[in-house]
Amino acid sequence: MIKTIIKKGSYQDSVVLMLLTNKISAMEGVSKVSIMMATPANKDIFKASGLDTPELLAAGANDMAIVADVEEEALADQILAETEEFLKNQASKGGSKEADSSVHNWEQAINKLPGANLAVISIPGVYAAAEADRALDEGLNVFMFSDNVTIEDEMALKKKAHEKGLLVMGPDCGTGIIQSVPVAFTNHVAPGRIGIVGASGTGIQELTTIIDRLGEGVTNAIGTGGRDLSQAVGGITMLDAINAMEDEKSTEVVIVISKPPAKEVRDVIVERLRNYKKPVVTLFLGEKPEIHEENFYHAYTLDEAARIAVKLVRGEKVIKDTFVPAVEGAYKKEEMKTIKAYYSGGTLAGEAAMMIRDTLSMGVGLGKKEGFMLNVDGHIVVDLGDDVYTQGKPHPMIDPAKRCECMRDAVDDPSTAVILFDIVLGYGSHEDMAKALLPCIQELKEKAEKEKRRVYFVTTVCGTGKDYQGYDYQKKLMEDAGVLVCESNKQAVQTALALIGCEYEEAEKEIVPLGQTKAKEYEVSETVKRLISEKPSIINIGLKSFSEVLKKFDCEVVQFDWAPPAGGNMELIKVLGYLRSQYTDQIAEANEAVIAKIVAASPVLLDVVPAKSVIKEFEGRKVLLHAGPPIRWENMTSPMQGSCVGAVLFEKWASSEAEAREMLEAGEITFIPCHHVNAVGPMGGITSANMPVFVVENITDGNRAYCTMNEGIGKVLRFGAYSQEVVDRLNWMRDVLGPVLGKAIRTFEDGISLSPLIAKAIAMGDEFHQRNIAASLVFLKELAPVITRLEMDEKERYDVIKFLSDTDQFFLNIMMATAKAVMDGARTIQEGTVVTAMCRNGENFGIRISGMGDEWFTAPVNTPQGLYFTGYDQEDASPDMGDSAITETFGVGGMAMIAAPAVTRFVGAGGYEDALNTSNEMMEIVLDRNPNFAIPTWNFQGICLGIDARKVVEKGITPVINTGIAHKEAGVGQIGAGTVHPPVECFEKAVLAYAKKLGYE
Amino acid sequence: MEVKAKQVSSEFLNMSKEEDYPVHSCFEHGFNLAAEGRLCFIGNKHDELLPYGILLKKEDVKKIRDVVSQGETSFCMDQERQRLVSSGLVIDFSGAQVFSSRYQKDHRMRPQMSLDRIFGFIKDEKTGFGDTIGQIVSGKCGNIEVIRNCFRSRDKEVICHILKKWVGYGPGLTPSGDDFLLGILFADEMFSFLGDSFKAELVKLADSRYTTDVSVNQYFCALQHLFSKSFLEFANAWKERQVNQMAESLKRILLFGHTSGRDIAAGLWTGIQYAEDKWRQL
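Rules used throughout
- Residues numbered from 1 in each chain as written.
- Chains lettered and ligands numbered in written order.
- Predicted model: local features only at pLDDT ≥ 70, side-chain atom pairs only at ≥ 80, totals over all residues.
- Heavy atoms only, no water.
- Helix = DSSP H or I, 4+ residues; strand = E, 2+ residues; numbered from the N terminus.
- Buried < 20%, exposed > 50% of the residue type's maximum accessible area, 1.4 Å probe, protein only.
- Contact = heavy atoms within 4.5 Å.
- Areas by Shrake-Rupley, 256 points an atom, 1.4 Å probe, with all protein chains shown as cover.
- Buried area = accessible area lost by both parts, 1.4 Å probe.
- Salt bridge = Lys/Arg side-chain N within 4 Å of Asp/Glu carboxyl O.
- Polar contact = N/O pair within 3.5 Å; in protein donor to acceptor, adjacent residues only side chain to side chain.
- Nonpolar A, V, L, I, M, F, W, Y, C, P; charged D, E, K, R; others polar.
- Lys, Arg positive; Asp, Glu negative; His and termini not counted.
- Phe/Tyr/Trp six-rings, centres within 6.5 Å; stacked < 30°, edge-to-face > 60°.
- Pairing = 2+ DSSP bridges.
- Axes fitted to C-alpha atoms, helices over the stretch in contact; angles between N-to-C directions.
- Expected span 1.5 Å × (residues − 1).
- Core = buried A, V, L, I, M, F, W, Y, C linked by side-chain atoms within 4.5 Å.
- Patch = residues over 30% accessible without salt bridge, like charges linked within 9 Å, V, L, I, M, F, W, Y side chains within 5 Å.
- Charge placed at Lys NZ, Arg CZ, Asp CG, Glu CD.
- Parallel < 35°, antiparallel > 145°, perpendicular 65-115°, else oblique.
- Left-handed = near helix turned anticlockwise from the far one by under 90°.

## Some details on the overall build of chain B
Across its full length, chain B carries 12 helices and 10 strands. Taking all 282 residues of chain B together, the buried fraction comes to 61%. Counting contacts in chain B only where the partners sit at least 6 residues apart, residues at least 24 apart contribute 67% of the total. Summed over its atoms, the accessible surface of chain B is roughly 11,400 Å², and 45% of this surface lies on carbon and sulfur atoms.

Put into structure tokens, the structure is as follows:
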């Protein structure tokens, strides 16, 4: 009976609908189900399937319609309950513990399971090859369930795997057993002394299950993927697997099976097997061998191959099969009855077609045509798993509907005598296919009886007693319904032929001496040997159900919830793959050297002097330094232009704003990025010749860096103000503050060592971008005693000390110069992918990486997000600017958010937990931790060390920068604070450029 | 709980008023808000930017799933503070980057390019119709020729009859037929080959709720020249003749839904092929 459940206004995405369909299909008593949105067009589909009901017709386009053909009325409630439960579970999936134990990138996967030796990949085909390539780079063997991988990619992967001593099973490999662990859609088979290497999924299933039921076992069944024996691929995986099996201790006999291979490849395989140290059985589907050779047997059917292998393992004589179908009331041949065969397994269908063709001497080739494996004289063999039949519907191994439909058509054909079909058990198959098919079979038997026709149903159950569906139970159900159940597909086809009066004969084959060939040595890598001699340790990338089965077999497995790396950008995925496969060690070495320099740096504050005395670029011309990568006047933001005006007035190059702007617009001023002259500047970063700058020397590498002093808060030059008040303050800083600080600092014989000061302040809750108060106070503590003893005007002394104590952010500029000095020392190593500078000019964000020297990689800046002072909002904000991101480059600032819980709210980052999550996330894109600067609130772990541009690109995680937010109009000043991320394009360009430098094309 | 949006659609900002908007539907990666006759997706699926959408951080999507439910939750729009407020959850988009989903037509765009080179790598992908993309585009599936003949037809009755076989047809929340037609509509945005009658009949069917709300929303956005980011990037790459970038955009489109991406790609390729055929006839 047909039951309809309408879930009004139920919106579930397509994957959920498909999974729900599978679940309901598997319920006991449900013979057919269809779940779709009840649009008018879909109602036509329901009608065509005989599933149109009044409730369905009344439903609307936004209603989810579940229409099921069930045995009992009560099942409708059960289906509804299952549906509700399923949908509820979908809704709460995200918060489950199990989801949290998954990993999300390769690093996490490898960290969680460092001993992994196999990656199982079931993700969309377009990305599968890249992930398989990555797996090979990580030293893992690969099992590719994914299909839609190009032949070119398959060739490249297999060649690479072979060179690295690894194995690629697939693509489109649905079945495998490794040390008795079923991988993907496989049966639960006893371990034993037979090994299988096969380019055929259901072929492997049929072999392994027959062997199990005959009392032997299979420990390893290696699937190679259907194209492995094509001319293009050349049998790479098959040969490597065959070689590995030769040495594997538990294997005594090997079976090699394939669909029809390319001749040249077949010859290579056969040549290899002639030198095999163990008895081997081959089956190239479609071939009808007439002899065996010594220790080298040639089977015609899967059943024969399995029986020969069992005999060999038992040391028994190999003889032909003595099976005779027990058929009573068979038709005579002259009655010209036909067989209709409907399979869910492609290889089984192929075998049936071959046997029928050969027995009835049909002059047709093997192969699919319009979905038929065979369609001659009324005999039909169909692979219902073919794409032609799976129109957005579940595979026939999990849904009986299509098969039942075909069987009904078959019975309507008066020539039909036998309906032949398979039932495939195991992981990934229907929970109870026998029961699902039963009603249809019973109905059709009754119909045939009424019409006084004999129609036989013949089946084979491809499974074992250990399969969760229960082999014996499935067999009994069928037998009780009057279905002839055979032990193998070959026996089923043989029975079907007998029932139409045709005799299938298996000829006795003579065993001739083995053909002589040259003996050779074959190498097998340790990794592949280990793969098939120990339980695998697996990173499962894709379908969670595979992980669940592996866990049942006590297999070590990590579930990798995959999302496309590098944002799905295939070019970048290839670039990352190129760097990884060709230059991993070289880059690692270079990066290690760079970060070693960062750790070994020894920054010392030596002096405060006029910028022109240390930056020779100021000599003889009007020059202004600016923040960020190179920029032209006309492209500068209003605040930056305002800063320029202020600097021009300060330098007395002009006496009014108008005159200053005229000069700037006329190009009379040369603009140079601070970074190009060993300097950094906050916000607009405008630095002119007479502005005092800190001088920080990195004693370890002997290089120096400079930065202007912090002007304090309010209307200041760095935010674009240029009023007289601003100029006056700049004058004071030039005439009083700078010289006093310079004098004070010079009293320290070796300068002021900054690392201890930074270490102290970070432990006091500074992160050195938005919060510098502790460092500023420690700095004041160092200098105050010295300043009090300088010979100077008392008012000036008071003003200096007052200024230092009022300016909480004073140390920011020292930190910037420190970070610049350290990073510039490190980037003397001109290789690797460590980010050595990050800066912004209001138009573009620019980065440098160690391997590309001075080259900038830029992209348009983002606008910071955060909290605004009262009266201001996002609309008022200036785009991101400033060289202060050098602090994050070094590893503090936003990269050490957790150090300053106090500022997290202020920058809008949330609470402590958010700060911790942010800092932990930043660890995903860095190489190590800097032990010199431990953060108490981070369990005393060191700050982030060495942002790796490759990791940024791969993971799509960009550094977080804590920053002030300037008003977009010059002179207004700071209007808030927040965080900003660099555009990922900067890192993408840098990585691409570096790859090209290393020869990537 | 308060979450801050990463990006917000300018169309959403321009459209929304100080009103209550109910949650229309919930998914693993976010939810749809019903606002002013549109569905606004708030969440994050592969960082895709959708018309009228608000992009959240992935970690925030996980947090809000327990708080938002279809039919029970509604949000009040606070225009001044740029937030959506419900009991238990505030979505603050005041600091979010603003994006536009509007396709800027460029009349200089020409369909003349090697389509095999651009689309060839997806031809074996199976659509929700059961055929591969390649099979659909090559016209091996009977219905394709029939609908192609409708593109520039003036016979509204016939167009309506044919469209009824596509609109709302197939599995999924956005049935395969709708996704295919979305691909056609975007191809038309790029190269203008659809006649007015075709679009008018499509509008009528959408208006009469002949398919799911989500598909109807898709149609209306498309007819307003609003498309998700991957589409816009595809078109931009076409303009720049950057085949690699076109491929990247297509690969992102393929990730949509279960078969939606492939159905859309089939429609897009079919449409561009049609445009190219017409161009060659000129």
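## Digging into the overall build of chain A
Helices and strands together make up the secondary structure of chain A, namely 32 helices and 39 strands. Across the 1001 residues in chain A, those meeting the buried criterion constitute 63%. If you take every contact in chain A between residues at least 6 apart in sequence, the share linking residues at least 24 apart comes to 73%. Just so you have it, chain A exposes about 37,000 Å², and 50% of that area is on carbon and sulfur atoms.

## Observations concerning the interface of chain A and chain B
Between chain A and chain B, the contact holds 41 residues from the first and 46 residues from the second. Of the roughly 3,600 Å² buried where chain A meets chain B, counting both sides, 51% is carbon and sulfur surface. Across the chain A-chain B interface, the total number found is one salt bridge. Between Asp-914 of chain A and Lys-63 of chain B there is a salt bridge whose closest N-O contact spans 3.9 Å. Inspection of the chain A/chain B interface yields six residue pairs in polar contact (both at pLDDT 80 or more). At the level of elements, helix H1 (14-25), strand E2 (30-37), helix H2 (40-48), helix H4 (75-91), helix H7 (125-137) and helix H20 (570-600) of chain A are the ones that each hand at least two residues to the side of chain A that touches chain B. Here the side of chain A that touches chain B is composed, by residue class, of 16 nonpolar, 20 polar and five charged.

## Some points on unusual backbone geometry
Note that the residue after Gly-170 of chain A, namely Pro-171 of chain A, is joined by a cis bond; omega there is 0 degrees. Examined against the element boundaries, Pro-171 of chain A turns out to sit in the loop between strand E6 (168-169) and strand E7 (175-178). With a phi close to 60 degrees, Lys-652 of chain A is a non-glycine residue in the positive phi region. You can see Lys-652 of chain A is positioned in the loop between helix H21 (638-650) and helix H22 (657-665). Lys-652 of chain A gets classed as exposed once you look at its relative accessible area, which sits at 60%. Its identity as a non-glycine residue notwithstanding, Glu-36 of chain B has a phi of 55 degrees, on the positive side. Inspection of the secondary structure assignment puts Glu-36 of chain B in the loop between strand E4 (30-35) and strand E5 (38-43). For Glu-36 of chain B, a relative accessible area of 32% translates into the label partly exposed.

## Things to note about the side chain of Glu-651 of chain A
Residues and elements named next belong to chain A. Take Glu-651: it is sitting in the loop between H21 and H22. Comment: no salt bridge for buried Glu-651; closest opposite-charge side chain is Lys-612, at 6.6 Å. Residues contacting Glu-651, with those up to four places away along its chain left out, are Ser-688, Ala-689, Asn-690 and Met-691.

## Focus: the packing of aromatic side chains
All names here are of chain A. Applying the stated criterion across every chain, the model contains 37 aromatic pairs over all chains. Each ring, one from Phe-779 and one from Phe-810, has its centre 5.9 Å from the other, and the planes form 25 degrees; the classification is stacked. A residue pair is termed long-range when its members are at least 10 positions apart, and Phe-779 in helix H25 (residues 773-788) and Phe-810 in helix H27 (residues 810-826) qualify at 31 residues. Pair check on accessibility: Phe-779 and Phe-810 agree, each one buried.

## Remarks on the sheet that holds strand E15 (residues 338-343) of chain A
Residue and element names in this part refer to chain A. Strands sit in the order E16-E17-E15-E18-E19-E20 across an open sheet of six strands; the sheet is mixed. Among the strands making up the open sheet, the edge pair consists of strand E16 (372-376) and strand E20 (484-486). With direction set aside, neighbouring strand axes in the sheet form an average angle of 15 degrees. The pairing of strand E19 (residues 456-462) with E20 spans three bridges and is classified as parallel. Paired with Thr-460 across the bridge in E20 is Cys-486. Across the sheet, helix H14 (residues 401-412) touches E15, strand E18 (416-424) and E19, and the angle it forms with E18 is around 170 degrees. Here helix H15 (residues 433-450) sits on the sheet in contact with E18 and E19, set at roughly 170 degrees to E18.

## Examining the pattern of salt bridges
Side chains bearing opposite charge may pair, as long as their charged atoms lie close to each other. Residue and element names in this part refer to chain A. Throughout the structure, instances matching the rule amount to 78 salt bridges over all chains. The partner of Lys-475 in a salt bridge is Glu-479, and the shortest N-O contact between them spans 3.9 Å. With Lys-475 and Glu-479 both in helix H16 (residues 471-480), this residue pair falls four residues apart, about one helical turn. Classification of Glu-479 by relative accessible area gives partly exposed; the value is 39%. For Lys-476, the salt bridge identified is with Asp-480, shortest N-O distance 2.8 Å.

## As for the environment of Gly-177 of chain B
You can see Gly-177 of chain B is positioned in helix H7 (residues 176-191). Expressed as a C-alpha distance, the spacing of Gly-177 of chain B and Phe-129 of chain B, which sit 48 residues apart in the sequence, is 8.2 Å.

## Some thoughts on H7 of chain B
Residue and element names in this part refer to chain B. Over its 16 residues, H7 extends 23 Å from the first C-alpha to the last, a length consistent with the 22 Å expected when each residue adds 1.5 Å. With 16 of 16 residues buried, H7 lies mostly within the body of the structure. Downstream of H7 by a residue or two, Ser-192 has a phi angle that is positive, lying close to 50 degrees.

## Focus on the nonpolar core
Within the largest apolar cluster, 200 residues are counted, with the highest numbers of intra-cluster contacts made by Phe-810 and Phe-811 of chain A together with Phe-119, Leu-181, Phe-234 and Trp-238 of chain B. Other than its neighbours up to four places away in sequence, Phe-811 of chain A contacts Leu-754, Leu-757, Ile-758, Phe-768, Asn-772, Ala-775, Ser-776 and Phe-779 of chain A. With 58 residues, the next largest nonpolar core counts Ile-177, Ile-196, Val-253 and Tyr-504 of chain A among its residues.

## Section: a negative patch on the surface
Taken together, the side chains of Glu-659, Glu-662, Glu-665 and Glu-668 of chain A make up a negatively charged region of the molecular surface. Along the chain, Glu-665 of chain A falls in helix H22.

## Comments concerning the side chain of Gln-474 of chain A
Here Gln-474 of chain A is to be found in helix H16. Beyond its immediate sequence surroundings of up to four residues, Gln-474 of chain A is in contact with Ile-423, Leu-425, Glu-431, Asp-432, Met-433, Ala-434, Val-461 and Gln-469 of chain A.

## Quick word on the packing of H21 of chain A against helix H23 (residues 724-746) of chain A
Residue and element names in this part refer to chain A. Close contact between H21 and H23 brings their axes to 10 Å; oriented N to C, the two are set at 55 degrees. In this view, H21 runs oblique relative to H23, as classed from their interaxial angle. Crossing geometry of H21 relative to H23 is assigned as right-handed. Contacts between H21 and H23 pair Gly-646, Leu-649 and Phe-650 from the former with Val-727, Leu-730, Asn-731 and Arg-734 from the latter. Residue composition of the contact of H21 with H23, grouped by class: four nonpolar, two polar and one charged.

## Some details on the packing of H25 of chain A against H27 of chain A
Packed helix pairs are specified by the crossing angle of their axes together with the interaxial distance, meaning the distance between the axes. Residue and element names in this part refer to chain A. Taken N-terminus to C-terminus, the directions of H25 and H27 make an angle of 90 degrees; their axes are 7 Å apart at the nearest point. Accordingly, the angle class assigned to the pair H25 and H27 is roughly perpendicular. Contact with H25, carried on its side by Ala-775, Ser-776 and Phe-779, involves Phe-810, Phe-811 and Ile-814 of H27 and no other residues of that element. Of the residues belonging to the contact of H25 with H27, the class tally is five nonpolar, one polar and no charged.

## Re the sheet that holds strand E1 (residues 2-7) of chain A
All names here are of chain A. Strand order across the open sheet formed by three strands is E1-E3-E2, with antiparallel pairing between neighbours. Among the strands making up the open sheet, the edge pair consists of E1 and E2. Across this sheet, the average inter-strand angle for adjacent strands is 15 degrees, counted without regard to direction. Pairing of E1 with strand E3 (residues 64-70) involves six bridges; the strand directions are antiparallel.

## Some points on the environment of Arg-117 of chain B
Tracing the backbone through its elements, the reader meets Arg-117 of chain B in helix H3 (residues 115-119). A sequence separation of 126 residues divides Arg-117 of chain B from Val-243 of chain B, and the C-alpha atoms of the two residues are 7.9 Å apart.

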